[in-house]
Amino acid sequence: MKNINYIKTLALVGLLALGAVACKKTDSNSFLDKTDVGQLNEATVFADSLLTFRFLTGIYTGLAGTYYLDNGLTGGGLWSYSDASDDSDIVWSGATAQIAPAFNSATFQNQADFSRFKNHWNNCYNNIRRVNVFLANVDRSPISAGRRATLKLEARFLRAYYYWHLLRNYSGVPVIGDKVYAITDDFGLARSTFAETVNYVVSELDACAALPVTTQIEDFGRPTKGAALGLKSKVLLLAASPLFNGQNPGTGANKNLAGYDNLDNNRWKLAADAAKVVMDMGIYSLVKDNTTAPGYGYYQMMITRNTPEHIFQVMKSTNRWYEGFLLPVSRGGQAYSYPTQELVDTYPMKNGKNIKEAGSGYVEADMYKDRDPRFYYSILYDGSLWLNNTTNTKTVVNLYANAPGDGLGTSGSTKTGYLYRKFCHEGAGGNFGISNNIGLVAIRYAEILLNYAEALNEFSGPGTEVYQAVEQIRERAGLVPFQLPLQLTKEQMREVIRNERRVELTYEEATRFFDIKRWKLAENLINGPANGMRWTRSGSTVTGARFSFETRRFTNPQMYYFPVPQSEINKSAVLIQNPGW
């Protein structure tokens, strides 16, 4: 089932990993002065409370590898899932080495053994094994019984999270349970069906609902009851969606691995109920502030670590992570990701109407005027303002064609005429100013509201509760009016919700990448020209034109799933490959 080199690696793998996380020498009384890390093994680690905590901390560090398409928080870059969707593109090219260009061109080096796919499989199963080692040994630790019980639930949440990541990428996967494999064990474990994998993850998250409702400040970043229930909401929404529920493209032996083998509308009800449980906890709310500026609460949510909206974050150091990678070169950034014109067109006007709707006020030649406030807090366009380190004031960011430094067509800058600024602090550049403490936002209350609205609309149509959930999002965004038209059909409300998900959750935790796949729309949305905006200046005259910067390809059904690594298939007669691979 697993690569033999990974399976036979015992707890020492986790022990070595934790050293990089928490074993920095700080003074003459530091941990490293007293402990010979070369002698670490299961017996010594779990006999020591500090080492036990550090072992669990090592499992947390792998979560960043589920947030990004590649490398997590390491590797010197920001490889967002967004860049392999219709939302954006990445600075890098070269499908043989870079995973976003590989997706965008449907070109995968070594096909099912493409290393960028295998990284996700290996990262998840390595950490699932570490969880099982932890659960098998933590009761030997001198930590109090009550604290051990909580740590076990944390570990089970982490394991469920890794399975969730496997599920959304691979569908049904081998489920190990609590077993810690030894070198003498039979590794020929078949994939569980999609239904079995979903049921296992949901049952684990139900157990994790016994986690504390809140954490102390020093424990922020550890999962809570809300995190477990919020993740359950995400799992069940995925499971209810067309790719897995009614439009499963699998055939023969992989049919029940790729999704359910039947359509059941009640799965939407299960997803809606799961989201409603989180809502009914009464402890989460949207960050709202339309007084300072329209939609300012949305911006505050993006730069503040601990708010009533955040349910679970993958923690990172206080630094300028987003600013350093996303902002333009003139502001000390690396200009890593480039939003598409398709994403820009998704943002409605500030009056809540989409740009093609009668009465919206949209003017193509002045397309950035009077847009949804979330647009201004998410995207840099030609003429945007950002802090300048030289003047210590906000000055214009020039993204027009061939503008010195940052312009479209210049080396290392935008390919589309746009850059992201989401999660960037306005008081910082890539290498100056305020250090931002926001983590990698994995679950927040706005997503729960949208999960609920989508699932309930699909189950029973656009009733009052669906309207209320969506309109909470639009009101916080600063839209005036924020109310939706009355008597929308189920199909019209579906489009509203999908649009709101794209706008509200852009550049967050792979949302768009998996949304268009689970809706089974990727074959249409990322199969053709991807567009940007070219502004040209001649004296005081400014002209704009949409242009295609790339033609994208999507192979159906292959690209709806990651392939099980071919090297694993070759070792096991019972492992079945995903459709199209």
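All figures in this text were calculated on a predicted structure; none of them were measured in a lab.

*Asks:* Looking at this structure, how should I read helix H13 (residues 296–303)?
*Replies:* What sets the pattern is the α-helix's 3.6 residues per turn: residues three or four places apart point alike. In terms of burial, H13 is largely enclosed, as six of its eight residues are buried. All of the buried residues along H13 are Gly-297, Tyr-298, Tyr-299, Met-301, Met-302 and Ile-303. Contacts made by the buried residues of H13 are with strand S2 (310–314), helix H16 (373–376), strand S8 (440–444), helix H18 (464–477) and helix H19 (490–504).

*Asks:* Would you take a moment to explain the packing of helix H17 (residues 445–460) against H18 for this structure?
*Replies:* Geometrically, a packed helix pair is captured by the angle between its two axes and the distance between the axes. Packing of H17 against H18 leaves a shortest axis separation of 8 Å and a crossing angle of 150°. When the axes of H17 and H18 are compared, the pair comes out roughly antiparallel. Seen from above, H17 lies across H18 with left-handed handedness. Each of Tyr-445, Ala-446, Leu-449, Leu-450, Tyr-452, Ala-453, Leu-456 and Asn-457 in H17 lies in contact with H18, whose residues at this interface are Glu-465, Val-466, Ala-469, Val-470, Gln-472, Ile-473 and Arg-476. For the contact of H17 with H18, the residue count by class is 11 nonpolar, two polar and two charged.

*Asks:* Before we go on, may I ask you to explain the side chain of Asp-86 in this structure?
*Replies:* Its location among the elements puts Asp-86 in the loop between helix H5 (64–67) and strand S1 (88–90). One polar contact links Asp-86 to Arg-512, side chain to side chain, over a distance of 2.9 Å. Residue contacts for Asp-86: discarding those within four places in its chain leaves Thr-340, Glu-342, Arg-502, Arg-512, Ile-516, Leu-525, Ile-526 and Arg-552.

*Asks:* Would you take a moment to explain the state of the cysteines for this structure?
*Replies:* Put plainly, a disulfide is one covalent bond tying together the sulfur atoms of two cysteines. For the structure shown, the criterion picks out zero disulfides. Distance from the sulfur of Cys-124, which forms no disulfide, to the nearest cysteine sulfur (Cys-208) is 16 Å. The class of Cys-208 is buried, set by a relative accessible area of 0%.

*Asks:* What is the right way to read the packing of helix H9 (residues 194–208) against helix H10 (residues 225–240) from this model?
*Replies:* Axis separation between H9 and H10 bottoms out at 8 Å; the angle between their running directions is 160°. Our classification of the angle between H9 and H10 gives roughly antiparallel. When the axes of H9 and H10 are compared, the crossing they make is left-handed. Residues Phe-194, Val-198, Val-201, Val-202, Leu-205, Asp-206 and Cys-208 of H9 form the contact with H10, whose participating residues are Lys-225, Ala-228, Leu-231, Lys-232, Val-235, Leu-236 and Ala-239.

*Asks:* What should I look at first to understand the pairing of strand S10 (residues 541–552) in this one?
*Replies:* The side chains of a regular strand alternate, residue by residue, between the two faces of the sheet. Two elements, strand S9 (residues 528–538) and S10, share 11 bridges in a ladder whose sense is antiparallel. Its bridge partner being in S10, Arg-534 is matched across the sheet by Ala-545. Where S9 folds back on S10, the antiparallel hairpin that results is connected by two residues, among which Gly-539 adopts a positive phi of roughly 65°.

*Asks:* Just to check I follow, could you spell out the environment of Tyr-420 for this structure?
*Replies:* By the element assignment, Tyr-420 lies in strand S7 (residues 419–420). Sequence-wise, Tyr-420 and Pro-557 are 137 residues apart; in three dimensions their C-alpha atoms are separated by 31 Å. When residues no more than four places from it in sequence are discounted, the contact partners of Tyr-420 are Ser-82, Asp-87, Ser-88, Leu-326, Leu-327, Ser-337, Pro-339, Leu-343, Ser-378, Leu-380, Thr-506 and Tyr-507. Among the polar contacts listed, one links the side chain of Tyr-420 to the side chain of Ser-82, at a separation of 3.2 Å.

*Asks:* Even after reading the chapter, I still don't get the pairing of strand S6 (residues 393–396), so can you show me in this structure?
*Replies:* Relative to S6, strand S5 (residues 385–388) is paired through four bridges, and the arrangement is antiparallel. Following the sheet pairing, Leu-387 is matched in S6 by Lys-394. Hairpin remark: S5 followed by S6, antiparallel, with four residues in the connecting loop; positive phi at Asn-392, about 60°.

Conventions adopted
- Residues numbered from 1 in each chain as written.
- Predicted model: local features only at pLDDT ≥ 70, side-chain atom pairs only at ≥ 80, totals over all residues.
- Heavy atoms only, no water.
- Buried < 20%, exposed > 50% of the residue type's maximum accessible area, 1.4 Å probe, protein only.
- Helix = DSSP H or I, 4+ residues; strand = E, 2+ residues; numbered from the N terminus.
- Contact = heavy atoms within 4.5 Å.
- Axes fitted to C-alpha atoms, helices over the stretch in contact; angles between N-to-C directions.
- Parallel < 35°, antiparallel > 145°, perpendicular 65-115°, else oblique.
- Left-handed = near helix turned anticlockwise from the far one by under 90°.
- Nonpolar A, V, L, I, M, F, W, Y, C, P; charged D, E, K, R; others polar.
- Polar contact = N/O pair within 3.5 Å; in protein donor to acceptor, adjacent residues only side chain to side chain.
- Disulfide = S-S within 2.5 Å.
- Pairing = 2+ DSSP bridges.

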